[in-house]
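So the chains spell out like this:
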Amino acid sequence: MEGRALLQLLLDHKELSGNGLATALRGAVSQSSIQKYLAGTAREPRRATLEAFANHFCVPIEAFYDEYVAEKTAHQLGLISTPPSGSVLTLQKVRHLIQQQPVQQTPSLRNAFRQIRVALTRETPGVRRSVVALIGDLADKAEDTEFSEHTIDRMMAVLGEHGGKPAAPESTHSRREGSR
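Residues numbered from 1 in each chain as written. Predicted model: local features only at pLDDT ≥ 70, side-chain atom pairs only at ≥ 80, totals over all residues. Heavy atoms only, no water.

Peer 1: Quick one: what's the story with the overall build of the chain, residue by residue and with numbers?
Peer 2: Along its length, the chain carries ten helices and zero strands. Taken across its 180 residues, the chain has 32% of its residues classed as buried. For the chain, the computed accessible surface area is about 11900 Å², with 51% contributed by carbon and sulfur atoms. (Helix = DSSP H or I, 4+ residues; strand = E, 2+ residues; numbered from the N terminus. Buried < 20%, exposed > 50% of the residue type's maximum accessible area, 1.4 Å probe, protein only. Areas by Shrake-Rupley, 256 points an atom, 1.4 Å probe, with all protein chains shown as cover.)

As structure tokens, then:
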């Protein structure tokens, strides 16, 4: 289940329209942005938009990025009766895939993996699982360039990075307090 389908279920459950949600969010997200997201005509929304949805409905933000988490959340809330399929790509499965089809290691590939590792160290376990699931999607359709680019964009959104720009650094105030 995609994040937009989960949002529609949540809206239906609360008997809210896109306009009602926009009003409840007090202008944090416009009604037209909500409608475009629900219709699938908008690009991947900003993380702040999905955070507003997640906070309003008290669901994990990962549910809007990860289809498995969306299904699990919907099932836990009683919005759907069928439990999620459990077809999550685990780290163990990724290792198995890599062993089956060894890739010629190049410095740039090694650096890409290091950058992913560093980015994931700053994230919650849910976000880490979302990225692994998206990498699995990418592996399934690696030959489809358009799909691959869309999946990479989704990974960047999950990690809070848009257009190749790093996410805003944490405040220096909180870093100073931690180092005292």
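Peer 1: Hey, could you go over the packing of aromatic side chains for me, with residue numbers and the actual values?
Peer 2: In the structure shown here, the tally under the stated rule is two aromatic pairs. Seen from their ring centres, Y37 and F53 are 6.0 Å apart, and the 35° between their planes marks the pair as tilted. On the criterion of sequence distance, the pair formed by Y37 in helix α3 (residues 31-39) and F53 in helix α4 (residues 47-57) is long-range, its members being 16 residues apart. Take Y37 and F53: they sit in the same class, and that class is buried. Connected via pairs of aromatic rings, a cluster forms that spans Y37, F53 and F64. (Phe/Tyr/Trp six-rings, centres within 6.5 Å; stacked < 30°, edge-to-face > 60°.)

Peer 1: Quick one: what's the story with unusual backbone geometry, residue by residue and with numbers?
Peer 2: Residues other than glycine seldom take positive phi values, yet E15 does so here, at roughly 55°. Position of E15 relative to the elements: it lies in the loop between α1 (3-13) and α2 (18-24). For R26, which is not glycine, the phi torsion reads 55° and is therefore positive. One can find R26 in the loop between α2 and α3.

Peer 1: Tell me about the nonpolar core, and name the residues and values.
Peer 2: Soluble globular proteins tend to pack their nonpolar side chains together in the buried interior. Counting 35 residues, the largest nonpolar core has L6, L7, L21, F53 and F64 as the members making the most contacts within it. For this core, the secondary-structure elements that each account for two or more residues are α1, α2, α3, α4, α5 (67-76), α7 (107-121), α8 (125-140) and α9 (145-158). In this structure L21 touches L7, L11, L16, I34, F53, H56 and F57, once residues within four positions along its chain are discounted. (Core = buried A, V, L, I, M, F, W, Y, C linked by side-chain atoms within 4.5 Å. Contact = heavy atoms within 4.5 Å.)

Peer 1: Which residues make up the confidence of the model for the chain, and what values do they have?
Peer 2: Looking at the chain, the pLDDT average stands at 77 and 76% of residues meet or exceed 70. A low-confidence stretch, residues 162-180 (pLDDT under 50), is modelled with ten contacts involving residues beyond four sequence positions or located in other chains. (pLDDT = per-residue confidence, 0-100.)

Peer 1: How would you sum up the packing of α8 against α9? Please name residues and give values.
Peer 2: Packing of α8 against α9 leaves a shortest axis separation of 9 Å and a crossing angle of 175°. On the basis of their axis angle, the class for α8 and α9 is roughly antiparallel. Contacts between α8 and α9 involve V127, S130, V131, L134, I135, D137 and L138 from the former and F147, S148, T151, I152, R154, M155 and V158 from the latter. Among the residues forming the contact of α8 with α9, the class breakdown is nine nonpolar, three polar and two charged. (Axes fitted to C-alpha atoms, helices over the stretch in contact; angles between N-to-C directions. Parallel < 35°, antiparallel > 145°, perpendicular 65-115°, else oblique. Nonpolar A, V, L, I, M, F, W, Y, C, P; charged D, E, K, R; others polar.)

Peer 1: Before we move on, can you summarise α9 with the specific residues and values?
Peer 2: A rise of 1.5 Å per residue sets the reference length of α9, with its 14 residues, at 20 Å; its end C-alpha atoms lie 20 Å apart and thus fit the reference within 8%. Turning to α9, its buried residues number three or more, namely S148, T151, R154, M155, A157 and V158. Against the buried residues of α9 lie α4 and α8. One side-chain oxygen at the N-terminal end of α9 lies 3.3 Å from the backbone nitrogen of E146; it belongs to D144. (Expected span 1.5 Å × (residues − 1). Polar contact = N/O pair within 3.5 Å; in protein donor to acceptor, adjacent residues only side chain to side chain.)

Peer 1: I'd like a rundown of the pattern of salt bridges, residues and numbers included.
Peer 2: What the rule picks out here adds up to two salt bridges. In this structure, the salt-bridge partner of R4 is E2, at a minimum N-O distance of 2.6 Å. Salt-bridge contacts for E51 lead to R47; the nearest nitrogen and oxygen are separated by 3.4 Å. One end of the pair, E51, and the other, R47, are both in helix α4, four residues apart, so they sit about a helical turn from each other. E51 sits in the partly exposed class, given a relative accessible area of 33%. Overall, the relative accessible area of 18% leaves R47 in the buried class. (Salt bridge = Lys/Arg side-chain N within 4 Å of Asp/Glu carboxyl O.)

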